[in-house]
Each structure stands twice: as C-alpha cells, then as structure tokens.
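The lines below spell out each chain.
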Amino acid sequence: MSKTLFEKIWEKHTVKTLADGVTILYIDRHLIHEVTSPQAFEGLRLSGRKVRQPRLTYATMDHNVPTTDRFNIKDPVSKAQIDALSENCKEFGITLYDLNSDQQGIVHIIGPDLGLTLPGTTIVCGDSHTSTHGAFGALSFGIGTSEVEHVLATQCLPQKKAKTFKVEFTGIPKAPVSAKDLILKLIGEIGTAGATGYVLEYCGEAVRSLSMEGRMTMCNMSIEAGARAGLIAPDDITYEYIARIERPFAPKGADFEKALTYWKSLPTDEGAKYDRTLVIDASKVAPQVTWGTSPGMVTDVTSCIPAYDGVTGYSAKDVKQALDYMGLKPGTPVEDIKIDTVFIGSCTNGRIEDLRASAEVFKRGKVAKGVTALIVPGSQQVKKQAEAEGLDKIFIAAGCEWRESGCSMCLAMNPDQLKPGERAASTSNRNFEGRQGKGGRTHLVSPQMAAAAAIEGHFVDIRKWLS
Amino acid sequence: MEKFKTHRGKIALLDNANVDTDQIIAKQFLKSIKRTGFGEHLFHDWQYLEDGSPNPDFALNQPKFKNASILVARNNFGCGSSREHAVWAVQQAGYAGVIAPWKKAEDGSRIPAFADIFRNNSGKNGLLTIELSEEEVNQIFEAGNAASEGLEMTLDLENQKIILHAAEDTLTFAFEIDPAVKDRLIKGLDDIGITLEHESSITAFEKNHHPQL
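Analysis parameters
- Residues numbered from 1 in each chain as written.
- Chains lettered and ligands numbered in written order.
- Predicted model: local features only at pLDDT ≥ 70, side-chain atom pairs only at ≥ 80, totals over all residues.
- Heavy atoms only, no water.
- Helix = DSSP H or I, 4+ residues; strand = E, 2+ residues; numbered from the N terminus.
- Buried < 20%, exposed > 50% of the residue type's maximum accessible area, 1.4 Å probe, protein only.
- Contact = heavy atoms within 4.5 Å.
- Areas by Shrake-Rupley, 256 points an atom, 1.4 Å probe, with all protein chains shown as cover.
- Lys, Arg positive; Asp, Glu negative; His and termini not counted.
- Charge placed at Lys NZ, Arg CZ, Asp CG, Glu CD.
- Phe/Tyr/Trp six-rings, centres within 6.5 Å; stacked < 30°, edge-to-face > 60°.
- Salt bridge = Lys/Arg side-chain N within 4 Å of Asp/Glu carboxyl O.
- Pairing = 2+ DSSP bridges.
- Axes fitted to C-alpha atoms, helices over the stretch in contact; angles between N-to-C directions.
- Buried area = accessible area lost by both parts, 1.4 Å probe.
- Polar contact = N/O pair within 3.5 Å; in protein donor to acceptor, adjacent residues only side chain to side chain.
- Right-handed = clockwise from strand over helix to strand, strands pointing away.

A tally of regular secondary structure across chain A gives 17 helices and 19 strands. Here the C-alpha coordinates of chain A stretch approximately 55 × 55 × 45 Å along the principal axes. Within the span of chain A, comprising 467 residues, buried residues form 68% of the whole. Contacts in chain A between residues at least 24 apart in sequence constitute 76% of all its contacts with a sequence separation of at least 6. When the accessible surface of chain A is totalled, it reaches about 15,100 Å², and 52% of it is carbon and sulfur. Separation of charge centres in chain A, based on 54 positive and 55 negative side chains, amounts to 1 Å.

Now the structure itself:
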C-alpha cells in the first residue's frame, strides 16, 4: 500500500500500539535546553527513575543566554536555570554543549550543525520550534515538560497518530522572495489553527528549489499554523548538506551509504493519500509583513493595514485589539510603517544563509539613524562560518551589532528586549503581544526585508529596492 | 495526577480567540526551576497595570468572576509555545477546566478549540479541556454576561456532560473526548508508569532499531 513520508517514519518507530489507540513511539533524539527541562529532571529524582538513553539525549543552553557578555549572566534567576541544566546533565550523564563549547547555540540550529538531525529519525524537544528538523524528513515535534520527563525515563512517547496535510508550493518564488515569505503566506491563508491536529508535508517545485536553510525556515513555522510537525522529503540537497562539512554525529563512509539507502526509501509513495491538501502558487507570493499580534495577521508588503472587519479568520474585535496594541490604523500602507529596531537571528532565520542574504543587503547601505540592528548568529558554528566569510565586517561597517549566539530577542528571556512602544522588523517566528519585551511591537519578515528596513527606517518592497 | 470525575465551580469568561501561551504565562516567569508559583502570574500583562494594580478593564478582573474555577474562552486557546508552565499557571490560578469552541474553516474542515501541545500538556496535568460548538459557547457567554452574579457550572467527565446552572433555566451540553485521555484523567494515571509496563517491548524494539540511521 502507498504510504506517506509521515506514515513510513511512524511505522518504523512504533514500539507497540495499545488497545486505546495510543502508540508508544520510539524517540531517536531528545534535545533539551535550560527552560523546559529542570522540572522534568526533578520528576525523575522524585520517582527514583534514571535517563534510559543518555547517549540519545543532547543538551544546550540558549533561551537565557546573553548575547554580549555571555559569561556574565546578571539575572540570578536566569543563572540558576543555566546552572541547573549543567548539574542535571552531569548527574544523569548527558552531553551538554554549554557556553564554553564551540558548538553551543540555539537547540534547533545545533542539531543540524552537529549532524544529529537526520532523515527518517524521530526528534523531540521541549520547544515548539522542534518542527524545524522536519526539513530533513525527520519526524520532529515540540513537547511539554511532562513529556520531556517521559522521554528521559522511557525514550518513548505515547502518541495518537496525527492526520496528514499536504501543502504543495507550485512554481518558483521570484528572488528575493524567500522561504519565510512562503510560510507566512501559508499561515495567512489557513490561520494559526489551520493545521492543528495535522502533520504538514511541504512539497512542490518551490520546496525542491529551496536550500536546507530555507527548508528549515519553512518547517520551523509549522507550529505557527497549528501543526506540531512539518516535513519535507529528503533529496540530493539534503544528502549534500549532511555530507558537506564535518558533522560529528552524521554517518560516514559505509555507514553513510547504508543510511542513504534508507533515506531514499522515505519520500511519499505515488498515490499515497493525505487527509487534506492545499496548493499555493509560489511564483505569485510577494514579500510578507505581519501587522498584528498573531502570525496569521500578515499581508503583502505592497498592501495596506486591513479594516477591522476585513480579515478572514479573525473577528473585528480581535483585529482592533491587535491594531491598538501595534499602534496602527486601518488603511496605512505597510511601506509607511517606521521601525526602530531590527532583529536578524532566531531558530527561524539565524543560519548562515540568512546571514549571507542580509549581508548582501547591508553591502548597499548603512543602518538608518535612530535604528538599532542586532545580528545574532544561531550558533557558535554559524558565527565562526560567518566570520570566516567576512560577514561580521559587513554588518559592523553598516552599523549593526554583531552578537554571540542564542535565542536573543526572539523571546526576550535574556537582556535583548524591546522597550514599550518600540517597533521591530524581526526575522523570528512570533509577533504575540509582549513577545519581544513588554509593550514591544513585532513585525515578522524575512532577513532581506529586515535588513532593507534597517537601512531605510521603514519597510520597503525588497524586490524593487534591490533592482 | 489527581483523579478527575466531576467538578462544580464558577465560570469566568474570556472573550478572546487565539489566546497564546505568551499571554497565559509571560516569558519572565519561565525562569523558575520549580513546578509551582505560576498561578498569580496567569495573564500577567493583561491582569496588571504598570504599577502592579489589577487592570479593571481585563475581563477576568470583574468581581463576578472572582474565585472562578472554569475558564471559558474562544477558539485556538493555548496556541504558541510548548511551555507546560501555561497549564501549571491556569491550574494554579484555581481552574479545573477550560472550555473553548471548535470552528468550521472556510473549506469546511474542523479547527480544534485548543492548540495541540497545550491540550496535550493539560491532559498530563489533569486540567480538563472541553470542546463545544461555537453556538454552545455563545450560549454560555450570553448567559454569563447577562447574569449579575457569577454562574456556576458542573463538569461531569464520567458522563461527558456540562451543566450551566443559570438562574432562569439550566443549560446542558454533551461533549466529546478521546477515550484514552478520559480514562487517564478519571483514573489519575501516571503516563510514565503506563509506558514502563511495556518495558520489555521497548527493550526488544531497541535491539533491532538503529537510531543513528
């Protein structure tokens, strides 16, 4: 029988299906960070349980980490959380990439960096953006702290099988329209709960044309459409990415060849059925800018802020509340929105290709007066690579701040925060109220759009601006 | 986990859709390494003014919703991050259950009432999440808004029934719930314990499975 990519990985990892329809699913990689793990370790201690497979568990610290003076964590509560992770990893024998490691970084950036993220595996982490790893054809999803404890204790998770949702992006997006624009477009179409209960599979010509970095950006924001996981079938671009540089955990030599045979068996079979399908013409997608406090409140850069009652999927009350918070009025052209902060980084857009794309833009101009631009590499490895290519010099010459790796301003659990009323063009994933700092206003965009906004002080259509 | 059978308590109405986890429990409260102490921070930025006093415009600060233990909101409650702190905050603020409506999408598909990870985390902690139709939730909002005092409601998990004790007439709604989730809630089962009952299957599976591939 024809099977989807999701069904193949699911079956390969089914330990047992219980009478009530719950499947015990085996987990190949468990990634942990400092915020959602301390209570799980405490639970293990209280019940006298051990970590079943410490060798399949990998930790790093990212959410609380300062991006300037990283060894001097001034907030004692942040420091306690960081220290708790170090102690827990030591006690339970788990590999930790801490602040001293040249592999430290955002958990969803270091998985692929290290070669931990491989096609056909199951990956979980106490973080909703675990969907990122789906770009490799790995079934990866975010879990809560009780589930973190569950995986630590059993290396398994009881799961009900999700439904499948195929999104086909036809045509080729016209550069500089990027993966970020495609995924924001999808979220705008189906809403932030549009894929709840489904695993998304992205396919079509546009997805095939994306680099691994672009595919990771797309899968990363699956959760913003409500889906716990997003998947892209592996292909030559995937295999080349895994083998391109030394990745300590990626298979090598004969093992790589053996793995390749498995990986090539993964793509969805001809005729396999999905529970839902949607087609989006990628060649017609314009650069996207969010204008509200939900990622589904998004429009083309060439558009205006919508009327209160003019947004599909949102009530007039919700739109008004969002626009009041954002300090925006219906009818305002998006290109007239002035920004004072630019954040380029995060697990959505903190990879080397994102930095290259923004550096290309910063070669053409300097950061506007009154604008602060933070460039935060997703990991130490990305930082090293960017510096080897001289990208840091381009950013600094343009007036940007070049920082150390971490989650930074994506969620403001560290010193990088917006002040009340400040407005950011941000390459991150959520524009919720207060997400980047209490009272802060977030507009989600691609790295190129963010860089151009930094230079002009307001949003511009990157297509026209570059030509 | 405590067993959940029936619960009777006051309702509180939060007339917002897409209530995200950042609103439920803001990031500055995620730094704790404990499982407790989140209740007072529930909806922090909505609940308090700059000077720390209660925001009179925030729905849940209305006197009639004081000491409520059943939260009624709109579609896509708990969207956003996987932080279980959101569920702990709702529970520790005194809520035993949350009710929200599923919604019909433009293409006719059903949009669930709760975000997936939030619903899942709720089940692990014994917080009951109940999906009703939009019409039914509208009825609860109408009755709750019309009443001058806070209304009481009974959540009967065993019989999958909700009773709204309005002054004029009692409203009763039936709800659906995944039998596996219901069973675990009613028995107050430890999920890890259930999985470990199958440890020999896990060990056998591990013998033939190569996570590196």
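A word on the packing of aromatic side chains. Residue and element names in this part refer to chain A. What the rule picks out here adds up to 17 aromatic pairs over all chains. Summarising the aromatic geometry, the rings of tyrosine 58 and phenylalanine 249 are spaced 5.1 Å apart at their centres and angled 70° between planes, so their arrangement reads as edge-to-face. You can see tyrosine 58 sitting in strand 4 (residues 57-60) and its partner phenylalanine 249 sitting in the loop between helix 9 (236-244) and helix 10 (253-263), a full 191 residues away along the chain. Overall, tyrosine 58 belongs to the buried group, its relative accessible area being 8%. Exposure remark for phenylalanine 249: the relative accessible area of 30% places this residue in the partly exposed category. Measuring from ring centre to ring centre gives 5.4 Å for phenylalanine 165 and tyrosine 198, while their planes differ by 65°; the resulting arrangement is edge-to-face.

Once that is clear, we can look at the pattern of salt bridges. It is possible for side chains bearing opposite charge to pair when their charged atoms get close. Residues and elements named next belong to chain A. One pass over the full model with this rule turns up 39 salt bridges over all chains. A salt bridge links arginine 215 to aspartate 235, with the shortest nitrogen-to-oxygen separation between them at 2.8 Å. On the criterion of sequence distance, the pair formed by arginine 215 in helix 8 (residues 212-220) and aspartate 235 in the loop between strand 11 (229-231) and helix 9 is long-range, its members being 20 residues apart. Comparing arginine 215 with aspartate 235 shows no difference in burial state: the two are buried.

So, on to the sheet that holds strand 17 (residues 401-402) of chain A. Residue and element names in this part refer to chain A. Read from one edge to the other, the open sheet built from 5 strands follows the order 17-16-15-18-19, with strand pairing classed as parallel. Only two strands of the sheet have a single neighbouring strand rather than two, namely strand 17 and strand 19 (441-444). For strand 15 (residues 341-344) and strand 18 (residues 423-426), the ladder comprises 3 bridges, and the chain directions are parallel. Bridge pairing links valine 342 to alanine 425 in strand 18. Along the sheet, helix 11 (residues 316-326) contacts strand 18 and strand 19; its crossing angle with strand 19, the most-contacted strand, is approximately 110°.

Residue and element names in this part refer to chain A. Here 5 strands make up an open sheet; going across it, the order is 5-4-3-6-7 and the pairing parallel. The open sheet has two edge strands, strand 5 (95-97) and strand 7 (139-142), and neither has a second partner. The average angle at which neighbouring strand axes cross in this sheet is 20°, direction not considered. Inspection of the sheet shows strand 3 (residues 29-32) paired to strand 4 by 3 bridges, in the parallel sense. When the bridges of strand 4 are listed, histidine 30 appears paired with threonine 57.

Taken together, the contact pairs 75 residues of chain A with 62 residues of chain B. Summed over both sides, the interface between chain A and chain B buries roughly 5,700 Å², with carbon and sulfur atoms accounting for 53% of that surface. Ranking the residues of chain A by area buried against chain B places Gln39, Arg52 and Lys438 of chain A at the top, with a combined share of 11%. Applying the counting rule to chain A against chain B returns 10 salt bridges. Here arginine 52 of chain A ties to glutamate 206 of chain B by a salt bridge, and the two come within 2.9 Å at their closest N and O atoms. If you look at where chain A meets chain B, you find 35 residue pairs in polar contact (both at pLDDT 80 or more).

The complete set of buried residues in helix 2 (residues 38-47) of chain A reads Pro38, Gln39, Ala40, Phe41, Gly43 and Leu44 of chain A. Contacts made by the buried residues of helix 2 of chain A are with strand 3, helix 3 (76-92) and helix 5 (145-154) of chain A together with helix 3 (85-92) of chain B. One or two steps after helix 2 of chain A, the chain reaches glycine 48 of chain A, where phi turns positive at roughly 70°.

This paragraph deals with the pairing of strand 3 of chain A. All names here are of chain A. Neither face of strand 3 is exposed, since Arg29 and Leu31 on one face and His30 and Ile32 on the opposite face are all buried. Pairing geometry for strand 3 and strand 6 (residues 122-125), over 3 bridges, is parallel. Bridged to histidine 30 within strand 6 is valine 124. Since strand 3 and strand 4 lie parallel, the crossover through helix 2 that links them has a hand, and here it is right-handed.

Right, let's get into the environment of glycine 457 of chain A. Residues and elements named next belong to chain A. Tracing the backbone through its elements, the reader meets glycine 457 in the loop between helix 16 (447-456) and helix 17 (462-466). Taking the relative accessible area as the measure of exposure, glycine 457 reaches 12% and is therefore buried. Setting aside residues no more than four positions away along its own chain, glycine 457 makes contact with Ile337, Lys338, Ile339, Ala368 and Val371.

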